[in-house]
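# Coordinate inspection notes
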Amino acid sequence: MALYRFRVTFEDYDDVTREIDIKSNQNFEDLHKAIHQSTGYNPEFPSSFYISNDQWIKGEEITYLPNQKRIDRGVSLMDKVKLSSFIDDPHQKFYYTFNFDRPFDFHVELMKIILDETSGVIYPTVVKSVGEAPRQFIIGANPTIIPEDDDFDFLNEVAFNPEDAEDFSEVTDTGEEHVEKGEESEDEEDEFGNEFSDDEGFEDDSKLHDDY
């Protein structure tokens, strides 16, 4: 059985690479899981391979855990498609996106075809690993990627929307106006009260004049 040796490189971390040997009759899901065996990531997130040219332009898609739109479009599933079905070039390329919610993008390139398996090896197998993959960690059910040197952006993680702040500000302003109106009402009541007090005094003075 022939083997394919693929070089897998992070698009944004080109100093991190993996080389994976896999049987030609294995499928894209086998390669997907082998990649994340090498990165240490949980592979159970929607992801896709795309048949690519030398410029890494995406072509036909082969997907894992598809959403309804992909199902409706009839996108091929990784576990149904053998690698050999799309090897048309000795340096065949696949553009690979892992986890559409918090994506990592990879370049996957066929390096060579090996004619004989190595006895006792279970394929796919990682034959070379260079560099440490950036961390993947999970809050609840949603995966979040935190680069090694970046600060954690809490507002982004809670999906902070500046429009929400404006709405909150409007509510706050309305409350302040209500308080101010309340204060004005109290002042008006005091004024009326003073006027009534003065009128009572005026009536008392009239009685005094009548006595004379």
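Calculation criteria
Residues numbered from 1 in each chain as written. Predicted model: local features only at pLDDT ≥ 70, side-chain atom pairs only at ≥ 80, totals over all residues. Heavy atoms only, no water. Patch = residues over 30% accessible without salt bridge, like charges linked within 9 Å, V, L, I, M, F, W, Y side chains within 5 Å. Areas by Shrake-Rupley, 256 points an atom, 1.4 Å probe, with all protein chains shown as cover. Salt bridge = Lys/Arg side-chain N within 4 Å of Asp/Glu carboxyl O. Lys, Arg positive; Asp, Glu negative; His and termini not counted. Charge placed at Lys NZ, Arg CZ, Asp CG, Glu CD. Helix = DSSP H or I, 4+ residues; strand = E, 2+ residues; numbered from the N terminus. Core = buried A, V, L, I, M, F, W, Y, C linked by side-chain atoms within 4.5 Å. Buried < 20%, exposed > 50% of the residue type's maximum accessible area, 1.4 Å probe, protein only. Contact = heavy atoms within 4.5 Å. Phe/Tyr/Trp six-rings, centres within 6.5 Å; stacked < 30°, edge-to-face > 60°. Lys NZ or Arg CZ within 6 Å of the ring centre and 35° of its normal.

Moving on: a negative patch on the surface. Together, E11, D12, D14 and D15 make up a region of like negative charge exposed at the surface. Of note, D12 is situated in the loop between β1 (3-10) and β2 (17-23).

This brings us to the nonpolar core. In terms of nonpolar packing, the biggest core is built from 30 residues, with F6 and V108 touching the most fellow members. Contributing elements (two or more residues each) for this core: β1, β2, α1 (28-39), β3 (47-52), β4 (58-64), β6 (93-98) and β7 (104-114). Dropping the residues within four chain positions of it, V108 is found in contact with F6, R7, V8, L31, I35, F49, W56, Q92, K93, F94 and Y96.

Let's shift gears to the packing of aromatic side chains. Aromatic rings considered in pairs are described by the distance between their centres and by the relative angle of their planes. Within this structure, the stated rule accounts for 16 aromatic pairs. Residues F28 and F86 carry aromatic rings whose centres are separated by 6.2 Å and whose planes lie at 70° to one another, so their mutual orientation is edge-to-face. A residue pair is termed long-range when its members are at least 10 positions apart, and F28 in helix α1 and F86 in the loop between β5 (76-77) and β6 qualify at 58 residues. Looking at K58, its charged tip hangs above the ring of Y50, at a distance of 4.6 Å from the centre. Here K93 stacks its cationic end above the ring of W56, 5.9 Å away from the centre of that ring.

Below, the discussion takes up the environment of K33. Along the polypeptide, K33 turns up in helix α1. Accessibility expressed as a relative area gives 36% for K33, which makes it partly exposed. Placed ten residues apart in sequence, K33 and P43 show a C-alpha to C-alpha distance of 6.0 Å. Setting aside residues no more than four positions away along its own chain, K33 makes contact with P43, E44 and Y64.

Further remarks concern the pattern of salt bridges. Scanning all chains against the criterion turns up seven salt bridges. Ionic pairing is found between E117 and K23, a salt bridge with its closest N-O pair at 3.9 Å. Pair noted here: E117 is in the loop between β7 and β8 (125-130) and K23 is in strand β2, with a separation of 94 residues, a long-range link. Residue E29 is joined to K33 by a salt bridge in which the shortest nitrogen-to-oxygen separation is 3.0 Å.

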